Amino acid sequence: MSFTLPRLIPAAFLLGGLLAGCATEQGQIETSAPAGPAISATPQPGTGGVIPGTGALIPPPVVTPPLSQKYPHTIQDSGAGPAVLSLYRKAQDARAAGHPDQAEEQLERARRIEPRNPFIWQALAGTKLDLKQYDQAEEFANRSNDLARGNPWIENGNWRLIATARQQRGDSGGAVQAQNRADDIARLLSPE
Amino acid sequence: MPGGRCGDRYNKPLMARSSQKSRKSRFAFLRSPLLRWTLIGLVIAFSVALGLFTLYLVRLDGVVREKFAGVRWVLPAQVYAAPLEIYPGARLGLPGLRHELDRLGYRAGEELTGPGTYIAAKDSLRVDTRAFAFWDGAQAEQRVEVRGDDKGVVAMRVMGSDQSLDLLRFDPMLIGSIYPSHGGEDRVLVKLAEVPPLLPQTLILVEDHNFYEHGGVSLRGILRATFANLRAGHTVQGASTLTQQLIKNLFLTNERTAKRKITEASMAILLERHVSKDEILEAYLNEAALGQDGPRAVHGFGLASQYYFNKPLNELQPHEIAMLVAIVKGPSFYNPRRNPARVIERRNLVLKMMADAHIITPDEYQESVNRPLGVTPGGGGGAARYPAFVDLVRRQLAGLYQEQDLTSEGLRIFTTLDPHVQEVLENRIQADVPELEKSRRMAEGSLQGAGVVTSVEGGEVLAVVGGRDARYAGFNRAIDTRRPIGSLSKPFTYLTALEDGGRYNLQTPLDDAPVDLKLPTGQVWSPKNYDHQLHGQVPLYMALAKSYNLATVHLGLDVGLENVRKTFAQAGFDDVPQVPSIFLGAIDMSPLDVAQIYSTLAASGYRTPLLAIRSVLTKEGQPLNRYPFKLQRTLPEGPVYLTTWAMHKVIELGTAHWATSVLPPGEFYAGKTGTTEDLRDSWFAGFGSDRVAVVWVGRDDNKPTGFEGATGALRVWGKLMRDLNARGIDMLPPPSVEEASIDPASGLRADPGCPEAIQVPYLRGAAPQQYAPCANASKSTPLDWLKSIFK
C-alpha cells in the first residue's frame with residue numbers, strides 16, 4: 001500500500017469532518033454560528049434522499065433540538081461590547097421610567113454599533129410595544145428572530161412579544177399561535 | 001452805536017417812540033399785501049412742515065418700535081451630519097480620528113485650551129469635546145483620553161480621573177442649511193453673552209469708536225469722516241454708526257440718497273431711545289452681511305465663523321476675529337477666499353488697531369499678524385459641504401414641514417449622513433470617473449458619475465454624491481438622473497422565480513436560446529446576449545452570474561411579468577412599466593431608487609424606506625420629532641437568501657469577477673452589473689452585511705460611454721467597498737434554507753465521489769432527491785470511499 005500526500009490531505013480532512021459529524025466539502029460556505037432553528041416556522045418535509053448506487057430511499061434525519069446552553073441567554077453574555085451594553089442599560093432605565101422614545105433613541109445608537117445583535121432588535125421591538133406601534137413591534141421581533149440564528153432564549157422572548165403585539169391590535173387567534181410558539185420553546189428550555 | 005443808549009431809562013419814551021417808529025419803518029414792507037401774505041404763507045408752510053415732520057417722526061418711531069420688536073431673524077434650518085461616536089473596539093484608528101476631528105474644526109495643539117482642541121500622540125489622543133444639545137439631552141464638554149493605534153480605539157478614560165468611558169459622542173458636523181430655493185439669507189443665531197468679548201470690542205473699535213457715547217448718530221464721526229474724505233478727495237471713511245448700519249441692513253435699501261440717509265439717521269436716533277446698546281450690538285452681530293455663497297447670503301458672525309473657519313464663534317482666535325471684523329466693510333471686495341492678500345492686509349490693520357487699543361497684548365499681536373488667514377478651503381467650509389445629500393434632506397423634509405418653517409424657524413435637522421462614508425464615496429468618484437474617462441480618451445469632463453451608500457440595517461442614507469464635482473450644488477444625478485438600469489433588474493426576476501421553490505432552484509437549467517416577442521405595438525422584440533452567443537442550458541444561478549439576457553427573458557416570461565413587477569414593488573419601487581423588456585432593465589431609475597430596492601435584498605427581504613433624517617429639534621434645542629426607521633417584511637427570507645447567493649456568484653465567477661482583485665479575500669459580497677443599450681449607462685449595485693452601495697457612470701447627454709457595468713461602475717464600487725472596510729455577508733442559511741452537495745454537471749445530489757461537487761442552498765425540502773451519475777459511480781458507503789482513497 002502506498003500513500004501520496006495529496007491523497008492523504010483530503011482524506012484526513014474528511015475523516016475529521018466525519019468525526020465531527022458534519023462533512024465539510026469543497027465549495028461549502030463556512031458558517032460561524034450554530035445553524036438551524038430551535039423550532040422551524042413551518043412543518044418541514046423529510047430531507048432524505050436516495051442511497052447512492054442503490055436507489056433506496058434514505059430515511060429522513062432525526063431533527064433534535066440544539067443544545068440551548070450554547071446560546072447566550074442575555075445581551076450581557078452575547079459578546080456585546082461595553083458601548084452597546086451601556087446604551088442598552090440606559091434604554092432599560094428610560095423604558096422603566098416611562099420614556100420609550102428615549103429608550104428607542106439609545107437602542108438605535110446601539111444598533112448602529114452592532115447592527116446584527118438580536119438582543120438589540122428584541123429590545124427595540126419592546127419599545128415599539130410601549131409606543132403602541134404593534135405592527136412594528138412584530139416586525140422588529142421577527143427581525144430579531146432572523147438574526148437570532150436559532151437562539152431559543154431570544155426566540156422565546158420574541159414570540160411572547162409578538163403574542164402581546166397581536167393581542168393589542170385585536171388579533172386574538174394570531175396571539176394564541178404566537179403564545180403557543182413561545183410555550184413550545186419554553187418547554188425545550190425547561191430542564192424537565 | 002445808537003443802540004448804546006437803549007439801556008438809558010431816561011430815554012425810554014424817546015426810545016419807545018423811536019422803537020415804534022423804527023418798527024413801523026422795519027415792518028413797512030408788511031404794508032405790501034403781497035409780501036405780507038407771502039410771509040404768512042411761509043410761516044404756515046413751515047408750521048405745516050414742522051407738524052408733518054413731527055408726525056413723520058412719530059410714525060417713524062412707531063415703525064422703528066414695531067419693526068425692531070417684530071424682528072424675526074430669518075433662520076434657515078441647520079442640517080447636521082450624524083455624530084461621530086467612538087468606543088473601545090471601534091474600527092477607527094487614531095490617524096482616522098485625528099482626521100475626523102480636523103474636519104470638525106477641532107484644533108490640534110500642545111495643550112487643551114478649551115472645547116474643540118486636542119493633543120495627538122503616537123498611541124493616544126486627548127481631546128476637549130464641545131458641549132452639544134442632542135435629541136436625547138444636552139451633552140456637556142468633556143476632556144477624554146483615547147488610547148488606540150492605527151487600527152482602532154482600545155480604551156477611553158475621562159481625564160483627571162480613573163473613570164473609563166464606554167462611549168464618546170462628538171458634536172455633529174454642520175453640513176448645510178435649508179434656505180429658500182431661490183436664494184436668501186442664512187445665519188446661525190448668536191447671543192451677545194455667548195460671543196467672545198473680543199469680537200464686539202474689535203467691532204466697536206473699528207466700525208464705531210463712540211458706540212457707547214452717541215445716541216444713534218455720531219456728529220464727531222461725521223466731522224471726522226468729512227474731514228478725512230475732503231482730504232483724500234474721495235470717500236475713504238464712512239460716518240455711519242453701528243446703529244445706522246443696523247437700521248440700513250434691517251429696514252432700508254442700499255440706495256445712496258439724502259432721503260435714505262435722513263430716514264436712516266432718524267430711525268437710528270429713535271431706535272436708541274427704545275432699546276439698549278447691547279440689544280443693538282447683538283442684532284448687529286446677527287444681521288451683518290459677511291459673504292455670499294452662490295445663492296446663499298451669509299449673515300451674522302455665527303454663520304460666518306462656520307463658513308470661513310468651520311468652528312463655532314466662541315473658539316475663534318484673535319486673528320480670526322480680526323478677519324471677520326475686517327471683512328464687514330465689504331465682504332465681496334474683501335473676500336477671503338478670492339482676495340486673500342487684500343484681506344490679510346486689512347486684517348493686519350485691524351490687529352494693529354486692536355493692539356493699539358490694548359485689547360490684545362503685543363505678543364498676541366505679533367503672533368496673530370504672522371498667521372495666515374486660516375480660512376477653510378472650498379466655497380462652503382463647514383456648511384453647504386454636501387449639496388447632494390442636503391438636497392435629499394430637503395426633499396424628505398418638504399413632505400414633513402412647511403417651506404416657511406424650514407427656511408426661517410431655525411430648526412435643527414439631524415441627519416444620517418456619515419461624513420467618513422461620504423468622504424470615501426466622493427474620493428472614489430472624483431478619482432475614478434476621470435480615470436475611466438481618460439482610459440476611453442473621452443473629452444475631459446464629459447463622463448459623469450453618481451453614487452449612494454446606505455446602511456443595510458435601518459435603511460439610513462450614509463452618503464450621496466450627485467456628480468464628479470461633489471461640491472457643486474447643481475444637477476443631482478443621484479436623485480434626478482433616471483436611466484434604464486439594465487441588468488440591475490435581473491435579480492428581481494430571479495427572485496420571483498426562486499420564490500416558487502417547487503419549480504425553480506439555483507440549479508434549474510434555463511434555456512439560453514433565441515426569443516422573439518411580439519409586442520402590443522406590433523413590433524417584434526428579439527433580445528440578444530451581450531456576447532451575441534447562445535449558451536444552451538445553463539443553471540439558473542449561472543445565468544444570473546454571467547448575466548445572460550436570453551435565459552433571463554425566458555425565465556421572466558415563465559414566471560410572469562406581473563409577478564416580477566410585484567417583486568419590484570415589494571422591494572420598494574412600483575413605477576415599473578408593463579413590458580417584458582423590464583426583465584432586461586428597461587426601467588428608469590435613479591441611483592437612490594436602486595439603493596432602495598437593493599437595500600431590501602440586503603436586509604433579507606425587509607423593506608425600510610430609505611431615510612436621511614433622524615430627528616428635528618427646535619432652535620432652542622428642544623426635541624420636536626424623531627423619524628425612526630420603519631420595517632416591513634415584504635420579500636420571503638429564503639428566496640432572498642438564494643438570490644443573494646447567486647449575486648455573490650456574480651462577483652465570485654461572473655461578470656463582476658474583477659471586484660475580487662480589490663475586495664478582501666474570504667469576505668462575501670453580492671452585487672450585479674448593469675449596462676444599457678449602446679453602453680450608455682454603466683451601473684453597479686451591491687452590498688455586504690453593513691453597506692449597500694450603488695454607482696452609476698454615464699453622460700449627461702446620454703451618449704454612449706463605451707463602458708459596461710463591469711468596466712465602468714464596478715471599478716468605482718469595488719474600490720469603494722474596499723475603502724469603506726465594508727463587512728462581508730454572513731452566508732449562514734436561514735432556517736427555511738438547507739444546503740446540499742450538488743454535482744454541477746447534472747444538477748443532482750453529489751457525494752464525495754463527485755469531484756466537482758459544490759454546496760448549493762435550496763429552500764428546505766426543495767433540494768434534489770436524486771443522486772448524480774458521479775455519485776452512482778462511487779462506493780455506497782463512506783468507508784468504501786475512504787478505502788478507495790488509500791488504495
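Just so it is clear, the model here is predicted, and its values are computed rather than measured. (Residues numbered from 1 in each chain as written. Chains lettered and ligands numbered in written order. Predicted model: local features only at pLDDT ≥ 70, side-chain atom pairs only at ≥ 80, totals over all residues.)

Just to check I follow, could you spell out the overall build of chain A for this structure?
Counting its secondary structure elements, chain A contains seven helices and zero strands. Each helix and strand of chain A, placed in order from N terminus to C terminus, yields the pattern α-α-α-α-α-α-α. When each of the 192 residues of chain A is scored for burial, the buried share is 38%. A sequence separation of at least 24 residues applies to 52% of the contacts in chain A between residues at least 6 apart. (Helix = DSSP H or I, 4+ residues; strand = E, 2+ residues; numbered from the N terminus. Buried ≥ 20, exposed ≤ 12 C-beta atoms within 10 Å, placed from the backbone. Contact = placed C-beta atoms within 7 Å.)

It is not clear to me how the overall build of chain B should be interpreted in this structure. Could you clarify?
Each helix and strand in chain B was counted, giving 25 helices and 33 strands. For a compact globule of 791 residues, the expected C-alpha radius of gyration is about 28 Å, and chain B comes in at 38 Å, more than 25% above that figure. Across its three principal axes, chain B shows a C-alpha extent of roughly 160 × 75 × 50 Å. Each of the 791 residues in chain B was classed as buried or not, and the buried ones make up 49%. The contacts of chain B with a sequence gap of at least 6 include a subset with a gap of at least 24, amounting to 68%. (Rg over C-alpha atoms; globule rule 2.2 N^0.38 Å.)

Looking at this structure, how should I read the environment of Ala670(B)?
All names here are of chain B. Looking at the secondary structure, you find Ala670 in strand β28 (residues 670-675). Overall, Ala670 belongs to the buried group, with 28 C-beta atoms counted inside 10 Å. Once the C-alpha coordinates of Ala670 and Gly686 are considered, the two residues, 16 residues apart in sequence, prove to be 5.4 Å apart. For Ala670, the residues in contact, after removing those within four places along its chain, are Thr644, Met647, His648, Gly686, Phe687 and Ile729.

Help me understand the sheet that holds β28(B), please; the structure alone is not making it clear to me.
In any sheet, the strands associate via hydrogen bonds between backbone groups, in a parallel or an antiparallel arrangement. All names here are of chain B. Overall, antiparallel pairing links the five strands, which are arranged β17-β16-β30-β29-β28 in an open sheet. Edge positions in the sheet fall to β17 (461-465) and β28, since each of these pairs with one other strand and no more. Here the strands of the sheet are splayed against their neighbours by 5 degrees on average, with no regard to which way each runs. Across four bridges, the pairing between strand β16 (residues 448-455) and β17 is antiparallel. (Pairing = 2+ DSSP bridges. Axes fitted to C-alpha atoms, helices over the stretch in contact; angles between N-to-C directions.)

Please clarify how the sheet that holds strand β25 (residues 613-617) of chain B should be interpreted in this entry.
Residues and elements named next belong to chain B. As summarised here, the arrangement of the five strands in space is β11-β1-β15-β25-β26, forming an open sheet in which the pairing is mixed. Edge positions in the sheet fall to β11 (174-178) and β26 (623-626), since each has one partner strand and no second. Averaged over all neighbouring strand pairs, the angle between strand axes comes to 20 degrees, with direction disregarded. Note that strand β1 (residues 77-80) and β11 share four bridges and pair antiparallel. Each bridged residue has a counterpart across the sheet, and for Ala77 the counterpart in β11 is Ile178.

Even after reading the chapter, I still don't get the nonpolar core, so can you show me in this structure?
One broad rule of soluble globular proteins: the nonpolar side chains tend to lie buried together. All names here are of chain B. Counting residues in hydrophobic clusters, the biggest one holds 194 residues, and the most contacted among them are Ile413, Tyr598 and Val695. No other element matches helix α22 (residues 637-652), which puts eight residues into this core. Excluding its chain neighbours within four sequence positions, the residues that come into contact with Ile413 are Ala77, Gln78, Val79, Tyr80, Val393, Leu397, Ile613 and Val616. (Core = buried A, V, L, I, M, F, W, Y, C linked by C-beta atoms within 7 Å.)

Mind showing me how you'd approach the packing of helix α3 (residues 100-113) of chain A against helix α4 (residues 118-130) of chain A here?
The relative placement of two packed helices comes down to the angle between their axes together with the axis-to-axis distance. Residue and element names in this part refer to chain A. The N-to-C vectors of α3 and α4 enclose an angle of 160 degrees; their axes lie 9 Å apart at closest approach. One way to sum up the angle between α3 and α4 is to call them roughly antiparallel. Taken as a pair, α3 and α4 cross one another with a handedness that is left-handed. Note on element contacts: α4 touches α3 through Ile120, Ala123, Leu124, Thr127 and Asp130, opposite Pro100, Ala103, Glu104, Leu107, Ala110 and Arg111. (Parallel < 35°, antiparallel > 145°, perpendicular 65-115°, else oblique. Left-handed = near helix turned anticlockwise from the far one by under 90°.)

What am I meant to see in the environment of Tyr56(B) here?
Residue placement: Tyr56(B) occurs in helix α2 (residues 33-69). Along the chain, Tyr56(B) and Thr263(B) lie 207 residues apart, while their C-alpha atoms are 10.0 Å from each other.

Even after reading the chapter, I still don't get the pairing of β26(B), so can you show me in this structure?
Within a regular beta strand, the side chains point alternately toward one face of the sheet and then the other, so they alternate between its two faces. All names here are of chain B. Across three bridges, the pairing between β25 and β26 is antiparallel. Its bridge partner lying in β26, Val616 is registered against Asn625. Between β25 and β26, which pair antiparallel and follow one another directly, the connecting turn spans five residues, one of which, Gly621, has a positive phi of 90 degrees.

I keep staring at the packing of helix α11 (residues 340-356) of chain B against helix α12 (residues 362-369) of chain B and nothing clicks. Help me out?
Residues and elements named next belong to chain B. Direction vectors running N to C along α11 and α12 enclose 175 degrees, while the axes themselves pass 9 Å from each other. Between α11 and α12, the angle falls in the class roughly antiparallel. Counted together, Asn348, Leu351, Met354 and Ala355 of α11 and Pro362, Tyr365, Ser368 and Val369 of α12 form the full contact between these two elements. When its residues are assigned to classes, the contact of α11 with α12 shows six nonpolar, two polar and no charged. (Nonpolar A, V, L, I, M, F, W, Y, C, P; charged D, E, K, R; others polar.)

Even after reading the chapter, I still don't get the confidence of the model for chain B, so can you show me in this structure?
In regions of low pLDDT, the predicted coordinates are not meant to be interpreted in detail. Residues and elements named next belong to chain B. Mean pLDDT for chain B: 89, with 91% of residues reaching 70 or above. Contacts of residues 1-16 to residues separated by more than four positions or lying in other chains number two contacts, the stretch itself having pLDDT below 50. Across the assembled chains, the prediction reports ipTM 0.83 with pTM 0.82. (pLDDT = per-residue confidence, 0-100.)

So what exactly am I meant to see when it comes to helix α10 (residues 318-328) of chain B here?
Since the α-helix turns once every 3.6 residues, residues separated by three or four places project in the same direction. Along α10(B), eleven of the eleven residues are buried, which leaves the element largely enclosed by surrounding structure. Listed as buried for α10(B) are Pro318(B), His319(B), Glu320(B), Ile321(B), Ala322(B), Met323(B), Leu324(B), Val325(B), Ala326(B), Ile327(B) and Val328(B).

Help me understand unusual backbone geometry, please; the structure alone is not making it clear to me.
Backbone geometry follows two general trends: most residues other than glycine have a negative phi, and most peptide bonds adopt the trans configuration. All names here are of chain B. The phi angle at Asn310 is positive, at roughly 55 degrees, despite the residue not being glycine. Within the fold, Asn310 resides in the loop between α9 (300-309) and α10. Of note, His532 is a non-glycine position whose phi angle comes to about 60 degrees, a positive value. For His532, the position within the fold is in the loop between β21 (524-525) and β22 (536-539). A residue is classified by how many C-beta atoms lie within 10 Å of it, and His532, with 6 of them, is exposed.

What am I meant to see in α4(A) here?
Residue and element names in this part refer to chain A. Over its 13 residues, α4 runs 19 Å from end to end, which matches the ideal 18 Å to within 8%, given 1.5 Å per residue. With twelve of 13 residues buried, α4 lies mostly within the body of the structure. Looking at α4, one finds that the buried residues are Pro118, Phe119, Ile120, Trp121, Gln122, Ala123, Leu124, Ala125, Gly126, Thr127, Lys128 and Leu129. If you follow the buried residues of α4, they end up packed against α2 (82-96), α3, α5 (134-148) and α6 (152-168). Lys132 occupies a position one or two residues after α4 and carries a positive phi of about 65 degrees. (Expected span 1.5 Å × (residues − 1).)

Help me understand the pairing of strand β5 (residues 124-128) of chain B, please; the structure alone is not making it clear to me.
Residues and elements named next belong to chain B. Of the pairings in the sheet, the one linking strand β4 (residues 117-120) to β5 comprises four bridges and is antiparallel in character. Pairing of Ile119 across the sheet is with Arg126, part of β5. Joining the antiparallel neighbours β4 and β5 is a turn of three residues. Here five bridges tie β5 to strand β8 (residues 143-148), and the two strands are oriented antiparallel to one another. Following the sheet pairing, Ser124 is matched in β8 by Arg147.

In this structure, what is going on with the confidence of the model for chain A? I would like to understand it.
All names here are of chain A. Here chain A averages 74 in pLDDT, while 63% of its residues score no lower than 70. When pLDDT is averaged over each helix and strand of chain A, the minimum, 37, is found for helix α1 (residues 5-20) and the maximum, 98, for α4. In the predicted structure, residues 1-64 sits below a pLDDT of 50 and forms 88 contacts with residues beyond four places in sequence or in another chain.

Which parts of the structure should I look at to understand the environment of Tyr641(B)?
All names here are of chain B. Among the structural elements, Tyr641 can be located in helix α22. Distance in space between the C-alpha atoms of Tyr641 and Leu495 is 9.2 Å, their sequence separation being 146 residues. Each residue touching Tyr641, except ones within four places of it in the same chain, is listed here: Ser604, Pro733, Pro734, Val737 and Pro761.

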